[in-house]
Amino acid sequence: MKNTIISTVSKVILFVGLTFRGHTHDYTMLKQEFPPEEEWFNLMEVYVDSGYQGMAKDYAGENIQLPHKKPRKSKANPETSLTDEQKLENQALSKIRVFVENAIGGLKRYNILVHRFRNHKESFADEAIGIAAGLWNFNLNY
């Protein structure tokens, strides 16, 4: 099961998307929940991982930060690596994104999200992650 999670640097979870099967790509989930035609991320600084390649192209907003990917190896380019500048940019992005990963890890503290769901109620997974996110945010404040 997968969800789109939007979090602040202070680890507060702002948005929990619908639950999708594990084979769904992250960027596909984002496009279904936030259609690119709207201006969702105009006034925000957005830091995403490499699962969202193409986001800066499809969504309006100047502050969408994606990590650099290593170029593909080919006959024309047999030695592939990132430049030192790109590595430093990825490292700076990683230092910010680690807080979001900590928030996601905080959700998994609630074992209902970690183990296999054996309940057949249709919206059970969405309700469980919503409650876990609320508990996580409550835990941060107290």
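Residues numbered from 1 in each chain as written. Predicted model: local features only at pLDDT ≥ 70, side-chain atom pairs only at ≥ 80, totals over all residues. Heavy atoms only, no water.

A.B. asks: What exactly am I supposed to notice about the overall build of the chain here?
C.D. replies: When helices and strands are counted, the chain shows four helices and four strands. From first element to last, N terminus to C terminus, the chain shows the α and β order β-β-α-β-α-β-α-α. Taking all 142 residues of the chain together, 27% fall into the buried category. (Helix = DSSP H or I, 4+ residues; strand = E, 2+ residues; numbered from the N terminus. Buried < 20%, exposed > 50% of the residue type's maximum accessible area, 1.4 Å probe, protein only.)

A.B. asks: Could you clarify how one ought to interpret the environment of F124 in this entry?
C.D. replies: By the element assignment, F124 lies in helix α4 (residues 124–141). For the pair F124 and I64, spaced 60 residues apart in sequence, the C-alpha to C-alpha distance is 32 Å. In this structure F124 touches I112, F117 and N119, once residues within four positions along its chain are discounted. (Contact = heavy atoms within 4.5 Å.)

A.B. asks: Would you mind showing me how to read a nonpolar patch on the surface here?
C.D. replies: Nonpolar side chains collect at one region of the surface, where V9, V98 and F99 lie side by side and expose about 220 Å² of accessible area between them. Structurally, the position occupied by V9 is in the loop between β1 (5–7) and β2 (13–16). (Patch = residues over 30% accessible without salt bridge, like charges linked within 9 Å, V, L, I, M, F, W, Y side chains within 5 Å. Areas by Shrake-Rupley, 256 points an atom, 1.4 Å probe, with all protein chains shown as cover. Salt bridge = Lys/Arg side-chain N within 4 Å of Asp/Glu carboxyl O.)

A.B. asks: Is there a simple way to think about helix α1 (residues 26–33) in this case?
C.D. replies: Note: α-helices contain 3.6 residues per turn, so residues at a spacing of three or four share the same orientation. Among the residues making up α1, those that are buried are Y27, M29, L30 and E33. Buried residues in α1, looked at end-on, bunch into an arc of 155°, giving them a common side. Its buried side turned inward, α1 meets β2 and α2 (55–58). (Arc of directions from axis to C-beta.)

A.B. asks: I keep staring at the packing of aromatic side chains and nothing clicks. Help me out?
C.D. replies: Applying the stated rule across the entire model yields five aromatic pairs. Ring centres 5.6 Å apart and planes at 55° place the aromatic pair F34 and F41 in the tilted group. Judged by its relative accessible area of 9%, F34 falls in the buried class. For F41, a relative accessible area of 5% puts it in the buried group. (Phe/Tyr/Trp six-rings, centres within 6.5 Å; stacked < 30°, edge-to-face > 60°.)

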